[in-house]
Amino acid sequence: MSQRYAEITGWGTALPPAVLTNDDMSRIVETSDEWIASRTGIKERRISHVDVSELGRVAGLRAIAAAGLEPAQIDMVINATCTPENLLPATAGLIQDKIGATGAGAMDLNANCSGFVYAHAVADSLVKTGASHRVLVLGAEKFSYILDWTDRSTCVLFGDGAGAIVVEATDEPVGLVASELGNDGSAAEHLCLPGRGTAGQVAALDPLTAGVRMNGPEIFRRAVTVMGEASQRVVDAAGWRLEDVDLLIPHQANQRILDATARRLGLDNARMFSNLHAYGNTSAATIPIALSEALEHGRVPPGANLVFVAFGGGLSWAASAVKWGSRTTAIATSDAVLPDFDGDALELLRPNIEFFGGSISS
Ligand code: UT7
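Reading guide: rules and limits
Residues numbered from 1 in each chain as written. Predicted model: local features only at pLDDT ≥ 70, side-chain atom pairs only at ≥ 80, totals over all residues. Heavy atoms only, no water. Domains from an automatic or database assignment. Contact = heavy atoms within 4.5 Å. Buried area = accessible area lost by both parts, 1.4 Å probe. Salt bridge = Lys/Arg side-chain N within 4 Å of Asp/Glu carboxyl O. Polar contact = N/O pair within 3.5 Å; in protein donor to acceptor, adjacent residues only side chain to side chain. Helix = DSSP H or I, 4+ residues; strand = E, 2+ residues; numbered from the N terminus. Buried < 20%, exposed > 50% of the residue type's maximum accessible area, 1.4 Å probe, protein only. Pairing = 2+ DSSP bridges. Core = buried A, V, L, I, M, F, W, Y, C linked by side-chain atoms within 4.5 Å. Axes fitted to C-alpha atoms, helices over the stretch in contact; angles between N-to-C directions. Parallel < 35°, antiparallel > 145°, perpendicular 65-115°, else oblique. Left-handed = near helix turned anticlockwise from the far one by under 90°. Near = heavy atom within 4 Å. Areas by Shrake-Rupley, 256 points an atom, 1.4 Å probe, with all protein chains shown as cover. Nonpolar A, V, L, I, M, F, W, Y, C, P; charged D, E, K, R; others polar. 1 Å grid on protein atoms, 1.4 Å probe; cavity = no way out; pocket = protein on both sides within 12 Å on 5 of 7 lines; lining within 4 Å. Points joined across faces, edges and corners; volume = space filled by probe spheres on them.

Participant: What is the right way to look at the domain arrangement of the protein chain in this model?
Facilitator: Accessible area lost during the coming together of the parts is what is often quoted as the interface size. You can read the domains of the protein chain as domain 1 (5–174 + 332–355) and domain 2 (177–323). Look at where the C-alpha atoms of domain 1 and domain 2 centre, and you get two points 15 Å apart. Taken together, the contact between domain 1 and domain 2 spans 50 residues of the former and 49 residues of the latter. Interface of domain 1 and domain 2: buried area, both sides summed, is about 3,800 Å²; carbon and sulfur atoms make up 65% of it. Together, Cys113, Val117 and Phe355 form the three largest contributors to the area buried by domain 1 at its contact with domain 2, with a combined 17%. Across the contact surface, domain 1 and domain 2 share 1 salt bridge. Asp148 is paired through a salt bridge with Arg213; the nearest N and O atoms lie 3.4 Å apart. On inspection of domain 1 and its partner domain 2, the count reaches 18 residue pairs in polar contact (both at pLDDT 80 or more).

Structure below.
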């Protein structure tokens, strides 16, 4: 029997239309476009007017169309998220229903910002063992809902959005070649959200613990080291040299982290993809959104050697060496769209801002 591989055959995104600029951000907390842009590279981010499953529906249907498939041909849906729509049921199940993947299994996977790279590795294993044939892998997040809108050191960094890929069985030697999935739970306190799970007492949400807490400089220091080292290890494990890498698609958290990672690896900007300026950090969604845009912009040549690398809460990290197939364009496009919204991102956020005791200045 020929060896079974798992190829990425479809890709798509869902980016909510409401844009929150750095100038808008300065009406929420004491900050400036100059500070945010120079310290992070972020200029604006999207704020979602819909729930996570709706973002997942649109990204998923677009990825399935790009693969030339019908939703009913998908047999597993894996949704990487740390902002599930509910604690129960898994958001993946809602997406499975919304897209009409009637025969598919569904599960959420939470490895925080590394979640998509983890989920891709799980999908790859399911396909290679024959347990699944066509897996929809999503990263879908609504981080705006869990941010403390009075904490300027975190709220300026994140945004909402979703990206998706389809992973299909093939006998061509393409797909995931090497991966590393890691975590240091002893350092989890540096990026956490203590007040919204089942720990503690049953009580109303407390603004003191209901928002993401992050030790930015500590995360920064670790991310720069780990993302470079893990990328190097998967390149070695794939039997490649760094010169063989066509495009590094890193988790989009801070342009200074991306630049430092590329510098460590000796990659110039032409071999690293960044769209952080437009979306901020969308957690598990950054890599599938970036991959889709890299394909749209012709940055992924046929047969490309790609590296995905991520670092985030957990503290988790993940890296993959991925051999792209011969097709770099979509087979078909989907007419799936997000519901219309022509309102204002600041107004969408007003209840969240006021919950944390903040306000929107004029
Ligand atoms: O997905 C993975 C999760 N996240 C990350 O990877 C993020 C990693 N960390 C970072 O990107 C950076 O550490 C930050 C962007 C969060 C912070 O940048 P920094 O250069 O490490 O700044 P800092 O935390 O050392 O703060 C420097 C100053 C402080 O003021 P003082 O104490 O020096 O007076 C902060 O209060 O900048 C201040 N500051 C701000 N000022 C204006 C922090 N946030 C802001 C802000 N606007 N939004």
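Participant: Can you help me understand the pattern of salt bridges in this one?
Facilitator: Note that side chains of opposite charge can pair when their charged atoms are close. Counted under the stated rule, the structure contains 15 salt bridges. We note a salt bridge from Asp124 to Lys128, for which the minimum N-O separation is 2.9 Å. Note that Asp124 and Lys128 are positioned in helix H5 (residues 115–129) at a spacing of 4 residues, about one turn of the helix. Residue Lys128 is classed as partly exposed on the basis of its relative accessible area of 33%. The salt bridge partner of Arg241 is Asp244, with a shortest N-O separation of 2.9 Å.

Participant: What's the story with the pairing of strand S2 (residues 18–21) in this structure? I'm lost.
Facilitator: A regular strand places its side chains so that they alternate between the two faces of the sheet. By the alternation rule, side chains of S2 split into Ala18 and Leu20, which are all buried, and Val19 and Thr21, of which none is buried. Where S2 and strand S3 (residues 44–47) come together, 4 bridges link them in antiparallel fashion. Bridge pairing in S3 places Ala18 opposite Ile47.

Participant: What is the right way to look at the nonpolar core in this model?
Facilitator: Among soluble globular proteins, nonpolar side chains are generally buried collectively. Counting residues in hydrophobic clusters, the biggest one holds 58 residues, and the most contacted among them are Leu20, Met25, Ile28, Trp149 and Phe311. Among the secondary structure elements, those contributing two or more residues to this core are S2, helix H7 (216–237), helix H8 (255–265), strand S12 (305–312), strand S13 (316–323) and helix H11 (345–355). Examining the composition of this core, we find that 8 residues originate from one element, H7, more than from any other. Counting residues domain by domain, this core receives three or more from each of domain 1 (5–174 + 332–355) and domain 2 (177–323).

Participant: Which parts of the structure should I look at to understand the packing of H7 against H8?
Facilitator: Between two packed helices, the angle of one axis relative to the other and the distance separating the axes together describe the packing. Here H7 crosses H8 at 40°, and the two axes come no closer than 9 Å. Put simply, H7 runs oblique to H8. Regarding H7 and H8, the two cross each other, and that crossing is right-handed. Contact residues: H7 offers Phe220, Ala223, Val224, Thr225, Met227, Gly228, Ser231 and Gln232, while H8 offers Arg256, Ile257, Ala260, Thr261, Arg264 and Leu265.

Participant: Whenever I open this one, the site of the ligand confuses me. Can you help?
Facilitator: What surrounds the ligand is a group of 24 residues, the closest being Thr31, Arg39, His251, Asn254 and Asn281. Measuring from a nitrogen atom of the ligand, one finds a side-chain N or O atom of Thr31 at 2.6 Å. Contact distances for the ligand include 2.9 Å between an oxygen atom and a side-chain N or O atom of Arg152. Calculation on the ligand without its partners gives an accessible area of 950 Å², and the protein chains cover 72% of this total. It is H7 that provides the largest number of residues to the shell around the ligand, a total of 4 residues. When its residues are assigned to classes, the shell around the ligand shows 12 nonpolar, 8 polar and 4 charged. A domain split of the shell around the ligand shows at least three residues from each of domain 1 (5–174 + 332–355) and domain 2 (177–323).

Participant: Please clarify how the layout of surface pockets should be interpreted in this entry.
Facilitator: Picture a little ball the size of a water molecule; that probe, rolled over the atoms, points out where space is still empty. A volume near 800 Å³ is recorded for the largest pocket. Residue lining of the largest pocket: 30 residues in total, with Cys82, Thr83, Pro84, Ile146 and Leu193 positioned closest to the centre. Elements represented by at least two residues in the lining of the largest pocket include exactly strand S5 (105–109) and strand S9 (191–192). When grouped by side-chain class, the residues that make up the lining of the largest pocket number 16 nonpolar, 9 polar and 5 charged. Both domains that furnish three or more residues to the lining of the largest pocket are identified here as domain 1 (5–174 + 332–355) and domain 2 (177–323). In this structure, the second largest pocket encloses a volume near 430 Å³. What lines the second largest pocket is a set of 25 residues, among which Leu157, Met214, Gly216, Phe220 and Asn254 lie closest to the centre. Counting only elements with at least two residues in the lining of the second largest pocket, the list comes to helix H2 (33–40), helix H6 (152–155), H7, H8 and S12. The element that contributes the greatest number of residues to the lining of the second largest pocket is H7, accounting for 6 residues. Classifying every residue of the lining of the second largest pocket by side-chain character gives 15 nonpolar, 7 polar and 3 charged. Each of domain 1 (5–174 + 332–355) and domain 2 (177–323) accounts for three or more of the residues forming the lining of the second largest pocket.

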